[in-house]
Amino acid sequence: MAQPEYLRIAAELRQRIASGQLAPGDQLPTLPALCASYGVSETTIRNALRLLATEGLIETRARAGTRVRPRPPIHRMAADRYRTTPGAKSTPYTRDQGIGWSEYRLDKRFERVKAGAELAALFECEAGERLLARHFVFHDNDQATQMSTSYVRWSDVAGTPVADPINEPWPGGTRAQLGSLGIRVTAITESFTVGMPTELESTTLRIGGGVPVLRYTRRHISDTGRIVEVAHPIVRRGDTTIVDFRIDLED
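Residues numbered from 1 in each chain as written. Predicted model: local features only at pLDDT ≥ 70, side-chain atom pairs only at ≥ 80, totals over all residues. Heavy atoms only, no water.

(A) Fine view of the nonpolar core. Ile 9, Leu 13, Tyr 38, Ile 45 and Leu 49 are the most contacted members of the largest nonpolar core, which totals 17 residues. For this core, the elements supplying multiple residues, two or more each, are helix 1 (5–19), helix 2 (31–38) and helix 3 (42–54). Beyond its immediate chain neighbours, meaning those up to four positions away, Leu 13 contacts Leu 22, Tyr 38, Leu 49 and Leu 52. In this structure, Ile 99, Leu 106, Leu 132 and Ala 163 belong to the second largest nonpolar core, which totals 14 residues. (Core = buried A, V, L, I, M, F, W, Y, C linked by side-chain atoms within 4.5 Å. Buried < 20%, exposed > 50% of the residue type's maximum accessible area, 1.4 Å probe, protein only. Helix = DSSP H or I, 4+ residues; strand = E, 2+ residues; numbered from the N terminus. Contact = heavy atoms within 4.5 Å.)

Right, dumping it as structure tokens:
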């Protein structure tokens, strides 16, 4: 069975983008020029371009035409990113991104919620426990690259600076925040899944609907074994994120 023309054209344009023949920021030929070049209808070309846009490879803007989208650099997330340096203005996110404090911007929204069944299981608490939900969008300069919802127990943070969004971003991140409350975090767990983005994730991170995202759940655990924070989920684009782990084995 013959391959539909729009898929063949999309594959050729995709290869030109991958090879660098069409570089980030380059403008694609106009619709009439592409129709003439491939000898097909506008509908066929539009279908090919729509597919590439869904994959996050191109973008069309009013009066600017269709261009190859800049591809973000690959970021490696090391397992030791939660280690803190006393006095340093940094967080696990800035270390992941390799950026300074002045290049870091955080959008935030706080609300009080009650733990449903899923969060209660993650916190190992009773359903209905009061939590503070902190919705974050993380920016590397002007580019949103990560989003998350982080939950802490309201009984731990009520009436403290941690409950006030004006204090975000907090140098040292969540571990330093909890430390300021006398809560000593001695373990962090993470679990990862990969899937296609929701509409909100696609819009916030400015990725195509065909670009997978990495979602992970993180839990901060205190020295008493109590789970004191759950981030569920943390979301990053999956095609440019590598998670590195080092496992030291004894002989």
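(B) Structural view of the pairing of strand 2 (residues 65–68). Bridge count for strand 1 (residues 58–61) against strand 2 is four bridges, and the pairing is antiparallel. Looking at the pairing, Glu 59 lines up with Arg 67 of strand 2. From the end of strand 1 to the start of strand 2, which pair antiparallel, there are three residues, and Arg 63 there has a positive phi angle of about 65°. (Pairing = 2+ DSSP bridges.)

(C) The packing of helix 1 against helix 3, seen in detail. At a closest axis distance of 8 Å, the pairing of helix 1 and helix 3 adopts a crossing angle of 50°. With respect to each other, helix 1 and helix 3 are oriented oblique. Along this stretch, helix 1 crosses helix 3, giving a crossing that reads as right-handed. In this structure, helix 1 uses Glu 5, Tyr 6, Leu 7, Ile 9, Ala 10, Leu 13 and Arg 14 to contact helix 3, whose residues at the interface are Thr 44, Ile 45, Asn 47, Ala 48, Leu 49, Leu 51 and Leu 52. When grouped by side-chain class, the residues that make up the contact of helix 1 with helix 3 number ten nonpolar, two polar and two charged. (Axes fitted to C-alpha atoms, helices over the stretch in contact; angles between N-to-C directions. Parallel < 35°, antiparallel > 145°, perpendicular 65-115°, else oblique. Left-handed = near helix turned anticlockwise from the far one by under 90°. Nonpolar A, V, L, I, M, F, W, Y, C, P; charged D, E, K, R; others polar.)

(D) View of empty space enclosed by the protein. Applying the stated criterion to the full structure yields one cavity of 30 Å³ or more. Reported here for the largest cavity is a volume of approximately 320 Å³. Contributing to the lining of the largest cavity are 26 residues, with Pro 92, Phe 138, Gly 173, Thr 174 and Arg 218 lying nearest its centre. Secondary structure elements with two or more residues in the lining of the largest cavity: helix 4 (92–97), strand 4 (104–114), strand 5 (130–140), strand 6 (143–153), helix 7 (173–180), strand 8 (213–222) and strand 9 (227–237). When residues in the lining of the largest cavity are grouped by element, the largest group, four residues, is from helix 7. (1 Å grid on protein atoms, 1.4 Å probe; cavity = no way out; pocket = protein on both sides within 12 Å on 5 of 7 lines; lining within 4 Å. Points joined across faces, edges and corners; volume = space filled by probe spheres on them.)

(E) Examining helix 1 more closely. Taking 1.5 Å per residue, 15 residues should reach 21 Å; helix 1 reaches 21 Å between its end C-alpha atoms and fits that length. Those residues of helix 1 that sit buried are Ile 9, Ala 10, Leu 13 and Ile 17. For helix 1, the angular spread of buried residues about the axis comes to 100°, placing them on one side. Where helix 1 is buried, its residues touch helix 2, helix 3, strand 1 and strand 2. Once helix 1 finishes, Gly 20 follows within two positions and takes phi at roughly 90°, a positive value. (Expected span 1.5 Å × (residues − 1). Arc of directions from axis to C-beta.)

(F) Up close: the sheet that holds strand 9. Read from one edge to the other, the open sheet built from six strands follows the order 4-5-6-9-8-7, with strand pairing classed as antiparallel. At either margin of the open sheet sits one strand with a lone partner, and together these are strand 4 and strand 7 (185–195). When strand polarity is set aside, the average angle formed by the axes of neighbouring strands in this sheet is 15°. Pairing between strand 4 and strand 5: eleven bridges, direction antiparallel.

(G) Spatial organisation of a nonpolar patch on the surface. Among the surface-exposed residues, Phe 245, Ile 247 and Leu 249 lie close enough to one another that they form a single nonpolar patch of about 410 Å² accessible area. With respect to the helices and strands, the residue Phe 245 is situated in the segment after strand 10 (241–244). Among the residues examined, Phe 245 registers a relative accessible area of 54% and is labelled exposed. (Patch = residues over 30% accessible without salt bridge, like charges linked within 9 Å, V, L, I, M, F, W, Y side chains within 5 Å. Areas by Shrake-Rupley, 256 points an atom, 1.4 Å probe, with all protein chains shown as cover. Salt bridge = Lys/Arg side-chain N within 4 Å of Asp/Glu carboxyl O.)

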